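In case you want the letters, here they are:
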Amino acid sequence: MLDESRIEDRNAFPFSLPIFQKGFDLEFDRVVTILIGEDGVGKSTILEGIAAVAGYDDAGKTSRALALARADETAIGERLARALRPTWLPKITHGWFFRAESLFCLTRRSLDSASPGGAEHPSHSHGEDFLRFVEERRHRQGVFIFDEPESALSPARQIEFLKLLRRMEASCQVIMATHSPLLMAFPGARLWRLSERGLRAATVEATDHYRLLLGFCTNPREFVRTALEE
């Protein structure tokens, strides 16, 4: 929850975002929690704050050894973290924060360092590297935070990622922001819609993302033609 007494400047970002104007309280009552909403509503900012509270940097590691993200974004997450009051049952210190911006560099550096002589992996795509990277780290109990993982994954790879999430359920907690209806539909996940009106529970069928995709799949050419004419 957001502790108003810890906010130094209400007009400073990220506290100026509409999502924080009337308080903020987010409970994680499912193994998988998914944040949805349009760009700019604060999904990534919230993930950055949660990651900072958990002790992760923007490159994912709890040791803060790989500073791959920009310093100003790190500062935003830590600024929000100082105003958050977390409750842990119990506190978990293992896990990763996967950002779209740093994901490729992080997986590539980790996989290259694990190879003799730092050899490249030309046979692995970005998506394959990502899935392999998560698979190798899911066995320990931990909190895994994903910011738009679909940016690294084709639709087929997103299905593989859903299967990976299923294997993670036994020992991990997952917090994710996504625009992908495929990922939103993970069975048993709690969906929270962020908007200027606040934070509300949602279903995948009620999201704009799903409705747009449904309209496209029903008649792709007509959907695109109409959209271009609007």
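Preceding block: the structure.
Every value quoted in this text rests on a predicted model; they were computed, and no experiment measured them.

Glancing now at the side chain of Ser180. You can see Ser180 is positioned in the loop between strand E4 (172-177) and helix H6 (181-184). At 2.4 Å, the side chain of Ser180 and the side chain of Gln158 are in polar contact. Excluding its chain neighbours within four sequence positions, the residues that come into contact with Ser180 are Glu150 and Gln158.

We now examine the pairing of strand E6 (residues 198-202). Strand residues, when the strand is regular, have side chains that alternate between the two faces of the sheet. Relative to E6, strand E5 (residues 190-195) is paired through five bridges, and the arrangement is antiparallel. When the sheet's bridge partners are listed, Ser195 is paired in E6 with Gly198. Between E5 and E6, which pair antiparallel in sequence order, lie two residues.

This part is about the side chain of Arg138. By the element assignment, Arg138 lies in the loop between helix H4 (126-135) and strand E3 (142-147). A relative accessible area of 14% means that Arg138 is categorised as buried. Here Glu135 takes part through its side chain, which lies 2.6 Å from a polar atom of the side chain of Arg138. For Arg138, the residues in contact, after removing those within four places along its chain, are Phe144, Leu164, Arg167, Met168, Ser171 and Cys172.

It is worth spelling out the pairing of strand E1 (residues 32-36) at this point. Most of E1 sits inside the fold, with five of its five residues counted as buried. Taking every second residue as pointing to the same face, both faces of E1 are buried, with Val32, Ile34 and Ile36 on one and Thr33 and Leu35 on the other. Bridge count between E1 and E4: four bridges; the pairing is parallel. What sits directly across from Ile34, in E4, is Met176. Inspection of the sheet shows E1 paired to E5 by four bridges, in the parallel sense. Bridge pairing in E5 places Leu35 opposite Trp192.

Turning our attention to the packing of H4 against helix H5 (residues 155-168). In the contact formed by H4 and H5, the axes pass within 11 Å of each other and the chain directions differ by 5°. The angle between H4 and H5 falls in the class roughly parallel. Residues Glu128, Phe130, Leu131, Val134 and Glu135 of H4 pack against Arg157, Glu160, Phe161, Leu164, Arg167 and Met168 of H5.

Basis of the calculations
- Residues numbered from 1 in each chain as written.
- Predicted model: local features only at pLDDT ≥ 70, side-chain atom pairs only at ≥ 80, totals over all residues.
- Heavy atoms only, no water.
- Helix = DSSP H or I, 4+ residues; strand = E, 2+ residues; numbered from the N terminus.
- Polar contact = N/O pair within 3.5 Å; in protein donor to acceptor, adjacent residues only side chain to side chain.
- Contact = heavy atoms within 4.5 Å.
- Pairing = 2+ DSSP bridges.
- Buried < 20%, exposed > 50% of the residue type's maximum accessible area, 1.4 Å probe, protein only.
- Axes fitted to C-alpha atoms, helices over the stretch in contact; angles between N-to-C directions.
- Parallel < 35°, antiparallel > 145°, perpendicular 65-115°, else oblique.

Function-wise, these values are silent; they only describe arrangement.
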